[in-house]
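# Tertiary structure, described
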Amino acid sequence: MIIKTRRFGEIDISEDKIITFKEGLPGLEYLKKFIIIILEQTKPFYWLQAVEDDVSLPVISPFDIDKDYSPIIDDVVFEDLELEDEKDLLVLSVAVIPSDINKMTANMAAPILINIAKNIGKQIIIEEGDYQIRQPIFEAVFKKIEGGKSYAGSDEKA
Amino acid sequence: MLVLTRKLNEAVNLGDSIKISILSIENDRVRIGIEAPADMRIIRSELLDEIKNINKEAINTDIVIFSKEN
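Every chain begins its residue count from 1, and numbering advances along the sequence as written. A letter from A marks each chain and a number from 1 marks each ligand, given out in the order of writing. Predicted model: local features are reported for residues with pLDDT of at least 70 only, side-chain atom pairs are reported and counted for 80 or more only, and whole-chain, interface and lining totals are derived from all residues. Only heavy atoms go into the side-chain values, all of them from the structure, while hydrogens and water stay out.

### Let's talk about the overall build of chain A
Our working definition: Secondary structure counts use DSSP, requiring at least four H or I residues in a row for a helix and at least two E residues in a row for a strand, with both numbered from the N terminus. Radius of gyration here is computed from C-alpha atoms only, and the compact-globule reference equals 2.2 Å multiplied by the residue count raised to the power 0.38. Burial status follows relative accessibility: with a 1.4 Å probe on protein chains alone, a residue under 20% of its type maximum counts as buried, one over 50% as exposed, and anything between as partly exposed. Residue contacts follow a heavy-atom distance rule, with two residues in contact if any of their heavy atoms lie within 4.5 Å. Values of accessible area rely on a 1.4 Å probe in the Shrake-Rupley scheme; residue burial ignores everything except the protein chains shown. Neither His nor the chain ends is counted toward charge; the positive residues are Lys and Arg and the negative residues Asp and Glu. Where a charge lies is defined by one atom per residue type, namely NZ (Lys), CZ (Arg), CG (Asp) and CD (Glu).
Across its full length, chain A holds three helices and twelve strands. Here the C-alpha atoms of chain A give a radius of gyration of 16 Å, agreeing with the 15 Å that 2.2 N^0.38 yields for 158 residues. Over its C-alpha atoms, taken along the principal directions, chain A stretches across nearly 40 × 40 × 25 Å. Looking at chain A as a whole, 49% of its 158 residues are labelled buried. For chain A, the proportion of contacts with a sequence separation of at least 24, taken over those separated by at least 6, is 53%. For chain A, the exposed area adds up to about 8,500 Å²; of that, 49% sits on carbon and sulfur atoms. Side chains of chain A carry 18 positive and 30 negative charges; the gap between the two charge centres is 6 Å.

Structure follows, in structure tokens:
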């Protein structure tokens, strides 16, 4: 199916790439279907693009920010995800990138978990541990882009 | 909103599987005990609100491109 997006233009998606979020995302409960978009130019950020509305969130692997990231996840969550093999688990953090990019943050306390074998996703909230919902990530991101030059390109405003 | 008044050590039952108990009352703090199924999300409201805000803010990002210098 083809969807039209502001950020990425027209994309042709195959059904087997659509990830179902039964409860949507907090604040965006009406969006139950997403795809992951990988753009070389925006790595280490990836994009979670909604299928039912033209909305996309930048996401980043929390391990790029903290290699020892180890949130405590209840077994009941793995049941919700129908996870059979831990290798099928993809963990992503929602990033907020303001116009002053020095202030970019990631939500390390509410990771998005995706079972890539069954295309089931869920955003969970970790209350234990010192993870922050607005963890500054600018420095960690720039370490990942060695010798890189960066600029923030504005979307063309409609 | 249903409003009830409880004293210390009293409780409220919601449906078949949730029980909320008043464990202690001290100055401006009330300690609340919650028994609920493991798959039920229990979260401080202000934290949930902030997470919702973050998701809504995230969708308004300008695209950010990092390019390597030649």
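### Let's talk about a nonpolar patch on the surface
Residues and elements named next belong to chain B. What counts is decided by this rule: The patch calculation keeps residues exceeding 30% relative accessible area without a salt bridge and links them within 9 Å when they carry like charges or within 5 Å when they are nonpolar (Val, Leu, Ile, Met, Phe, Trp, Tyr). Put simply, a salt bridge is a Lys or Arg side-chain nitrogen that is within 4 Å of an Asp or Glu carboxyl oxygen.
On the surface, Leu-8, Ile-25, Val-30, Ile-32, Ile-34, Met-40 and Ile-42 cluster together to form a nonpolar patch covering roughly 610 Å² of accessible area. By residue number, the principal contributor to the nonpolar patch is strand E3 (residues 29–35), which donates three residues. Here Ile-34 shows up in strand E3. With a relative accessible area of 42%, Ile-34 lands in the partly exposed category.

### Some details on the confidence of the model for chain B
The predicted coordinates ought not to be read in detail in places where the model reports low pLDDT. Stated precisely, the cut-off is as follows: Per-residue confidence from the predictor is given as pLDDT, running between 0 and 100.
Residues of chain B with pLDDT of at least 70 account for 89%, and the chain-wide mean is 91. As scored by the predictor, the complex reaches a pTM of 0.88 and an ipTM of 0.90.

### Regarding the sheet that holds strand E1 (residues 11–14) of chain B
Residues and elements named next belong to chain B. Condition: DSSP-based pairing: two strands are paired if at least 2 bridges between them are found. Orientation is described by axes fitted as lines to C-alpha atoms, over the contacting stretch for helices, and by angles from 0 to 180 degrees between their N-to-C directions.
A sheet is described by the order of its strands in space; here three strands give the open sequence E1-E2-E3, paired in antiparallel fashion. Across the chains shown, the open sheet's two edge strands, defined by having one partner strand only, are E1 and E3. Between one strand axis and the next, the sheet turns by 20 degrees as a mean value, whatever way the strands run. Relative to strand E2 (residues 18–26), E1 is paired through four bridges, and the arrangement is antiparallel. Its bridge partner lying in E2, Val-12 is registered against Ile-20.

### Remarks on the side chain of Asn55(B)
With respect to the element layout, Asn55(B) can be found in helix H1 (residues 45–58). Setting aside its immediate chain neighbours within four residues, Asn55(B) contacts Leu25(A), Pro26(A), Leu28(A), Leu57(A), Val94(A) and Gln123(A).

### So, the layout of surface pockets
Stated formally: As defined here, a cavity is a set of points on a 1 Å grid over the protein atoms alone where a 1.4 Å probe fits but cannot get out. A pocket is an open set with protein on both sides within 12 Å along at least five of seven lines, and residues line them when an atom is within 4 Å of a point. Grid points are joined across faces, edges and corners, and a volume is the space filled by probe spheres set on the points. Throughout, the ten residues Ala, Val, Leu, Ile, Met, Phe, Trp, Tyr, Cys and Pro are labelled nonpolar, Asp, Glu, Lys and Arg are labelled charged, and all others, Gly among them, are labelled polar.
Reported here for the largest pocket is a volume of approximately 600 Å³. Residue lining of the largest pocket: 23 residues in total, with Val77(A), Ile124(A), Ile125(A), Met40(B) and Arg41(B) positioned closest to the centre. Those elements that provide at least two residues to the lining of the largest pocket are helix H2 (75–80) and strand E10 (120–123) of chain A. For the lining of the largest pocket, the per-class residue count stands at 13 nonpolar, two polar and eight charged. Taken together, Leu2(B), Leu4(B), Arg6(B), Glu10(B), Ala11(B), Val12(B), Leu14(B), Ile20(B), Ile22(B), Ile32(B), Ile34(B) and Arg44(B) make up the full set of residues lining the second largest pocket. Those elements giving two or more residues to the lining of the second largest pocket turn out to be E1, E2 and E3 of chain B. The element best represented in the lining of the second largest pocket is E1(B), accounting for three residues. Of the residues assigned to the lining of the second largest pocket, the class counts are nine nonpolar, no polar and three charged.

### A few points about the packing of aromatic side chains
Residues and elements named next belong to chain A. Condition: Aromatic rings from Phe, Tyr and Trp, with only the six-membered ring used for Trp, were paired whenever their centres fell within 6.5 Å, and each pair was classed as stacked if the ring planes differed by under 30 degrees, edge-to-face if by over 60, and tilted otherwise.
Counted according to the given criterion, the structure contains five aromatic pairs over all chains. Consider the rings of Phe-21 and Phe-34, whose centres lie 5.2 Å apart with planes at 70 degrees: the pair is edge-to-face. Placement of Phe-21 in strand E3 (residues 19–21) and of Phe-34 in strand E4 (residues 33–37) is noted, with a sequence separation of 13 residues between them. Judged by its relative accessible area of 0%, Phe-34 falls in the buried class. The structure contains a cluster of three or more aromatic residues connected by ring pairs, namely Phe-63, Tyr-69 and Tyr-131.

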